[in-house]
Amino acid sequence: MKRILLACCVASSLSAHALDFAADEMLAAHNRWRETVGAPALTYSTKLAASAQEWANHLKQNNQCQMRHSKPDSQYGENLYWASAVVWTDGKRELQQVKPGEVVDDWGNERANYDYKTNRCAAGKMCGHYTQVIWKTTTTVGCAVAVCDSLEQIWVCQYQPPGNWVGEKPY
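Conventions and cut-offs
- Residues numbered from 1 in each chain as written.
- Predicted model: local features only at pLDDT ≥ 70, side-chain atom pairs only at ≥ 80, totals over all residues.
- Heavy atoms only, no water.
- Axes fitted to C-alpha atoms, helices over the stretch in contact; angles between N-to-C directions.
- Helix = DSSP H or I, 4+ residues; strand = E, 2+ residues; numbered from the N terminus.
- Parallel < 35°, antiparallel > 145°, perpendicular 65-115°, else oblique.
- Left-handed = near helix turned anticlockwise from the far one by under 90°.
- Contact = heavy atoms within 4.5 Å.
- Nonpolar A, V, L, I, M, F, W, Y, C, P; charged D, E, K, R; others polar.
- pLDDT = per-residue confidence, 0-100.
- Core = buried A, V, L, I, M, F, W, Y, C linked by side-chain atoms within 4.5 Å.
- Buried < 20%, exposed > 50% of the residue type's maximum accessible area, 1.4 Å probe, protein only.
- Polar contact = N/O pair within 3.5 Å; in protein donor to acceptor, adjacent residues only side chain to side chain.
- Pairing = 2+ DSSP bridges.

1. Side note on the packing of helix 1 (residues 23-35) against helix 3 (residues 100-108)
Move 1: Closest axis-to-axis distance for the helix 1/helix 3 pair is 8 Å, and the angle between their directions is 25 degrees. Taken together, the axes of helix 1 and helix 3 are roughly parallel relative to one another. Seen along the crossing, helix 1 lies across helix 3 with a hand that is right-handed. Along its contact with helix 1, which presents E25, M26, A29, H30 and W33, the element helix 3 presents P100, G101, V104, D105, W107 and G108.
Move 2: A breakdown of the residues in the contact of helix 1 with helix 3 according to their chemical character gives six nonpolar, three polar and two charged.

2. Quick look at the confidence of the model for the chain
Atomic detail in the predicted coordinates should be set aside for any region of low pLDDT.
Move 1: Residues at a pLDDT of 70 or more form 88% of the chain, whose mean pLDDT is 87.
Move 2: Scored below 50 in pLDDT, residues 1-17 makes 39 contacts in the model with residues more than four places away or belonging to other chains.

3. A word on the nonpolar core
Generally speaking, nonpolar side chains in soluble globular proteins are found buried as a group.
Move 1: Counting 26 residues, the largest nonpolar core has F21, M26, Y81, W107, V141, W155 and C157 as its most contacted members.
Move 2: Breaking this core down by element, the ones donating at least two residues are helix 1, strand 4 (77-83), helix 3, helix 4 (128-134), strand 9 (140-147) and strand 10 (153-160).
Move 3: The leading source of residues in this core is helix 1, at five residues.
Move 4: Counting residues in each nonpolar core, the second largest holds 11 residues, with A52, L59, A146 and C148 among its members.

4. Structural notes on the side chain of Q132
Move 1: Within the secondary structure layout, Q132 lies in helix 4.
Move 2: Among the residues examined, Q132 registers a relative accessible area of 2% and is labelled buried.
Move 3: A distance of 2.9 Å separates a polar side-chain atom of Q132 from the backbone nitrogen of G163.
Move 4: For Q132, the contacting residues outside a window of four places in its chain are G77, E78, N79, T138, Y159, P162, G163 and N164.

5. Some points on the sheet that holds strand 10
Move 1: Spatial strand order, 3-9-10-4: four strands in an open sheet with mixed pairing. Here the strands that pair on one side only, and so sit at the sheet edges, are strand 3 (43-44) and strand 4.
Move 2: The sheet contact formed by strand 3 and strand 9 spans two bridges and is parallel. Bridge pairing links T43 to T140 in strand 9.

6. Focus: the environment of K60
Move 1: Residue position: K60 is located in helix 2 (residues 46-63).
Move 2: What makes K60 partly exposed here is its relative accessible area of 28%.
Move 3: Along the primary structure K60 and C148 are separated by 88 residues, whereas in three dimensions their C-alpha atoms are 5.6 Å apart.

Structure follows, in structure tokens:
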């Protein structure tokens, strides 16, 4: 099992905080959702993972871990996930231990908001993360995470070829 350990030092407590990021878990979670609709399995791309890490690092350094998609004319599809720090009543902050499968399942659970017949999301709901995960012509994915000094975290997955083409169904 390939694991990538990402760490971020927190100046306020001078302790190291790390998330255990397993690329194989991220890929497996994507492929579980794809299997439910008969979409072919994805492969993991280190090139996409490096691009996703660049964007996650940018959001950490320039956007305080707030979500913002990369270039609108990007050659990649992209899903973002944000997680807060755990904040205790005494004000102490801890890194929330988010697992890769939880991130993908959050996107996949948007399935409840998607109507295949009309190829639309329910009114006022999101489903584009789900449709990108299961987009039939997407073949590769690469993901990354960055942890801000506030212990918030931003997750980025990039997909190639991208999905969510207007007027096209995902599968």
